[in-house]
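Letter by letter, the chains look like this.
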Amino acid sequence: MTRKLRSLFSVLFCMVLLCNIVFSNAKIKGEVQEEKNVTIYFIDQTKEKWVENDNAVMKAIDNTNGHESYWMTKVDEITWRVNVPESAYNITFNRYSSDKITQWNS
């Protein structure tokens, strides 16, 4: 009887160990590390106030990460801000009409 009991405990122990390994690997594979964002500011210090005139809106294009685009938020008449991935280092700023349809310039 003890031999059967040992065999049963051995089988149960192996099953618990196997389940633990399978579920812990599934959890690790299922976790996706989210990249942090940073806020960047566009400040128009030109004499003509390039951004301010004509009720323009701004869009940032992240050329580093697949040309993702982000509409910028107006802070004041000359300052705009946007959150982009921390890894971004090549950004293009596009100036659009107020209806966000026509790109005027970059």
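### A short note on the nonpolar core
With 11 residues, the main nonpolar core is built from Phe42, Val51, Val57, Met58, Ala60, Met72, Trp80, Val82, Val84, Ala88 and Tyr96. Every element with two or more residues in this core is listed here: strand S2 (57–62) and strand S5 (79–85). Met58 has contacts with Phe42, Trp50, Val51, Tyr70, Trp71, Met72, Trp80, Phe93, Asn94 and Arg95, leaving out every residue within four places of it along the chain.

### Here we look at the packing of aromatic side chains
If you walk through the whole model with that rule in mind, you get two aromatic pairs. On the numbers, 4.9 Å between centres and 50 degrees between planes, the contact of Phe42 with Phe93 is tilted. Within this pair, whereas Phe42 is found in strand S1 (residues 37–43), its partner Phe93 is found in strand S6 (residues 91–96), the two being separated by 51 residues in sequence. Taking the centre distance of 5.1 Å and the plane angle of 70 degrees together, the rings of Trp71 and Tyr96 count as edge-to-face.

### A few points about the side chain of Asp62
Along the polypeptide, Asp62 turns up in strand S2. In this structure, Asp62 is buried with no salt-bridge partner, the nearest side chain bearing the opposite charge being Lys59 at 13 Å. Ignoring sequence-local partners within four residues, the contact set of Asp62 consists of His67, Glu68, Tyr70, Pro85, Ala88, Asn90 and Ile91.

Rules and cut-offs
Residues numbered from 1 in each chain as written. Predicted model: local features only at pLDDT ≥ 70, side-chain atom pairs only at ≥ 80, totals over all residues. Heavy atoms only, no water. Core = buried A, V, L, I, M, F, W, Y, C linked by side-chain atoms within 4.5 Å. Buried < 20%, exposed > 50% of the residue type's maximum accessible area, 1.4 Å probe, protein only. Helix = DSSP H or I, 4+ residues; strand = E, 2+ residues; numbered from the N terminus. Contact = heavy atoms within 4.5 Å. Phe/Tyr/Trp six-rings, centres within 6.5 Å; stacked < 30°, edge-to-face > 60°. Lys, Arg positive; Asp, Glu negative; His and termini not counted. Salt bridge = Lys/Arg side-chain N within 4 Å of Asp/Glu carboxyl O.

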